[in-house]
Every structure is written in C-alpha cells, then in structure tokens.
Amino acid sequence: MRAAYLPGGSRVDLREVPDPEPGHGQVLVGTRASTICGSDLRAIYREHLGEGPEAYQGVAGGHEPAGRVLAVGPGVERVAVGDRVVVYHISGCGQCPECRRGYQISCTSPARAAYGWQRDGGHADLLLAEERDLLALPEPLTFLDGAVVACGFGTAYEAVRRADVSGADRVLVTGLGPVGQAVGLLAKALGSPLVVGTDPSPQRRALALELGAVDEAVAGTDAELTGLLGDGADVAVDCSGHGSGQLTALRHTRRWGRAALVGEGGQLTVDVSEVLIHRQLTVHGSWVTSTVRMGELLDNLVRWDLHPERLVTATFPLEEAAEAYATADAAAGGKVGVVWPDD
C-alpha cells in the first residue's frame, strides 16, 4: 500500500509499504477520506516540535480518517466487513479512568498512541485500527463528513456542549480556521441567534461568512466587538491558539458568561481579578472530545442535516499529498482533505 510520511522541513514522503494485517481486536479500514489538521502542520509538517502526546514517531501521517471496514481480526464483535466508520484518533489503554469515560484523548497510560503521531494514521490506503476506536458513520453522512468529524468538528462540538450553548446565547468565536468555522455552524445548529467571529485574515472572515458559520466577521478590535455584542457574548470560544485571541475571547464575554479555550498553543497574560474573578466567568479548557460525544455528534448531524464537509475547500488524491499539505499550510482556505474513490 501507499502511505504518506512527514519527515519535517515542510516535506511529504510517499512510500510503498507492506499491507497491515489485523490482529486480535483490530480492524483493517480502507481509507476513503483523511483530512489535515492544524496540529499536523504546527508540530509535524514544518518541524518535529511536539513532545508527549504530540511527539511524532515517524509513522504514516493523518489523524482524521474515515473509511470502510475491509477485514476484521479475531475477537472483533461490534463492526463487520463493509461497515462505514470514523476513527477516533486516540487509541488509549482502555482501562484508566479517562478511557473508561470515553476521553481517550486524556489517557494517562504510556500505552496511549495517537493515529498519525505514534501509530500509523489515515494518510495511507489502509489503516489498522483498534475496534474500540471506531464509530459507525451514519449513511446520510459522507466519508469526508466523517473525516472532518474525526477531530475538528468533534473538538468544536465538545466546546459548545461544555459551554452549554443554546438558543439563549450570543456566541463569540475568536479564530476562524476550520475549528472556529465548525464552532459557528454548531452554535447556530443549537439555536444561537447571533454568532460573531474574529480573525485577522480577511480571507478567513470572508469564508466564514460565505459558509454561514457566522453572522458577523470582524478583525476583532474592542470597538467592533462592543458595537456588535454590547456588554459581551454569553459564550465565547477561542479557536485561535494565540494569546491575543484568547484574551479577546475572555474580555468580551459578559459578566456571568462562559468561555471555552480550544485553540492549542499561545501564552496568555490576563488580569485574573479584573477579567475573570470580578466578572464571575466560567472558563473551560476543552481538549478534543470523547467517543461518547463524537457518537452523539454524528447522530445530531443527521438530525440537523448538517454536513461537515462544507468546510473542505480543497481535496487531493494520496499521490498529491505533498500538494495537499502545502495548500493547508498556506491557510488561505478551509479544510483540506486527502480522498479515495469509494469502490
């Protein structure tokens, strides 16, 4: 099979490698869509900067895959050949308290391994997955929908659910990359009457408006946000991963409001008393999602007739994976996907 590796230095290495065979409890998935995440670019594609959960171990890249089951190993009971599946991108130990709650992302065992980081991921013709990491992809959703759910849309859904977004809430989204766009779409699906987005990029602001992810998109100055939100948003979600965006989200959350910090990275300096304590804010640190929430999201997407693939603005076959990564790294559009024909 073919598989794309990320040697660093903004390069992609496409190799021919042996086909994997499923062992006990394992499933062989024929990949049909595998999208590119900002964390792939930040910590693997440019330079191997990650440590701990983000340490890249020289495996096939891609942690946002969806596909069809081609073979199952002994002991597999829940999925069968032909099933359409989304791969939850962290394979945990299955035994620690975090795994037993469905939050394999926070697995505390040294055995924890992320697809595309410490074990082979979805930028390959075939993917060997643990059965416990698979979720059924409902028939109305496409494989590209499933790939976008596998990390980005799942991360966004966890944030809006953690912040308890409802039809009573005006929502502020700082950072209008794919995760920020997903937050906006989900907030509107949950009934928010006003979603305001900020981003320094005019292209991303325009795209968020075109997608219907936000009602208003601005650069994010205090004057702009005060004019749109008055005393602040009921809920703010930072997807920028930058200290300035994080501070904007907190400062423009109303008194007694809720905020969620989703964007990875950034150094935040904040006057705790003035911004947080005296304004009675509830602030959530939200890291990806759980298998339970991801399954809930897949069901809700069908109910809402909401297709995450609308965030994808470019797709490439696996043989053009280098161009796919370069396009994603340019950050001029939305989500970028590697796709296969569904035979």
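All of these numbers come straight from a predicted model, not from anything done at the bench. (Residues numbered from 1 in each chain as written. Predicted model: local features only at pLDDT ≥ 70, side-chain atom pairs only at ≥ 80, totals over all residues. Heavy atoms only, no water.)

A. Just the environment of Leu134, in detail. On the secondary structure map, Leu134 appears in strand β9 (residues 134-136). A C-alpha to C-alpha distance of 9.2 Å links Leu134 and Ala66, two positions 68 residues apart in sequence. Setting aside chain neighbours within four positions, we find Leu134 in contact with Val27, Val29, Arg78, Val79, Val85, Val86, Val87 and Ala129. (Helix = DSSP H or I, 4+ residues; strand = E, 2+ residues; numbered from the N terminus. Contact = heavy atoms within 4.5 Å.)

B. Quick look at helix α4 (residues 178-189). Taking 1.5 Å as the rise per residue, α4 with 12 residues should run 16 Å; its terminal C-alpha atoms sit 16 Å apart, in good agreement. Along α4, the residues that are buried comprise Pro178, Gly180, Gln181, Ala182, Val183, Gly184, Leu185, Leu186 and Ala187. Gly191, located one to two residues past α4, shows a positive phi value of around 105°. (Expected span 1.5 Å × (residues − 1). Buried < 20%, exposed > 50% of the residue type's maximum accessible area, 1.4 Å probe, protein only.)

C. How the structure looks around the sheet that holds strand β11 (residues 194-198). The strand order β12-β11-β10-β13-β14-β15 describes an open sheet built from 6 strands, whose pairing is parallel. The open sheet is flanked by β12 (216-218) and β15 (282-285), the only strands paired with a single partner. The mean angle between the axes of side-by-side strands here comes to 15°, regardless of whether they run parallel or antiparallel. Of the pairings in the sheet, the one linking strand β13 (residues 233-238) to strand β14 (residues 253-261) comprises 5 bridges and is parallel in character. Bridge assignment links Asp238 to a residue of β14, and that residue is Leu261. Along the sheet, helix α6 (residues 222-229) makes contact with β10 (170-174), β11, β12 and β13, crossing β11 at roughly 175°. (Pairing = 2+ DSSP bridges. Axes fitted to C-alpha atoms, helices over the stretch in contact; angles between N-to-C directions.)

D. Summary view of the pairing of β13. Counted residue by residue, β13 has 6 buried out of 6 residues, so it is predominantly covered. With 4 bridges connecting them, β10 and β13 associate as parallel partners. When the sheet's bridge partners are listed, Val173 is paired in β13 with Val237. Handedness of the crossover joining β13 and β14 through helix α7 (residues 243-251) is recorded here as right-handed. (Right-handed = clockwise from strand over helix to strand, strands pointing away.)

E. View of the pairing of β10. When you tally the buried positions in β10, you get 4 out of 5 residues, the bulk of the element. Pairing of β10 with β11, which is carried by 5 bridges, proceeds in the parallel orientation. Counted as the bridge partner of Thr174 is Thr198 from β11. Crossover β10 to β11 through α4 is right-handed.

F. Focus on the packing of helix α3 (residues 143-162) against α4. For the pair α3 and α4, interaxial distance at closest approach is 8 Å and the crossing angle is 50°. By the criterion of interaxial angle, the relationship of α3 to α4 is oblique. The interaxial crossing formed by α3 with α4 has right-handed handedness. Side by side, α3 and α4 meet where Gly152, Phe153, Thr155, Ala156, Tyr157 and Val160 of the first sit next to Val179, Ala182, Val183, Leu185 and Leu186 of the second. Each residue belonging to the contact of α3 with α4 can be placed in one class, and the counts come to 9 nonpolar, 2 polar and no charged. (Parallel < 35°, antiparallel > 145°, perpendicular 65-115°, else oblique. Left-handed = near helix turned anticlockwise from the far one by under 90°. Nonpolar A, V, L, I, M, F, W, Y, C, P; charged D, E, K, R; others polar.)

Function-wise, these values are silent; they only describe arrangement.
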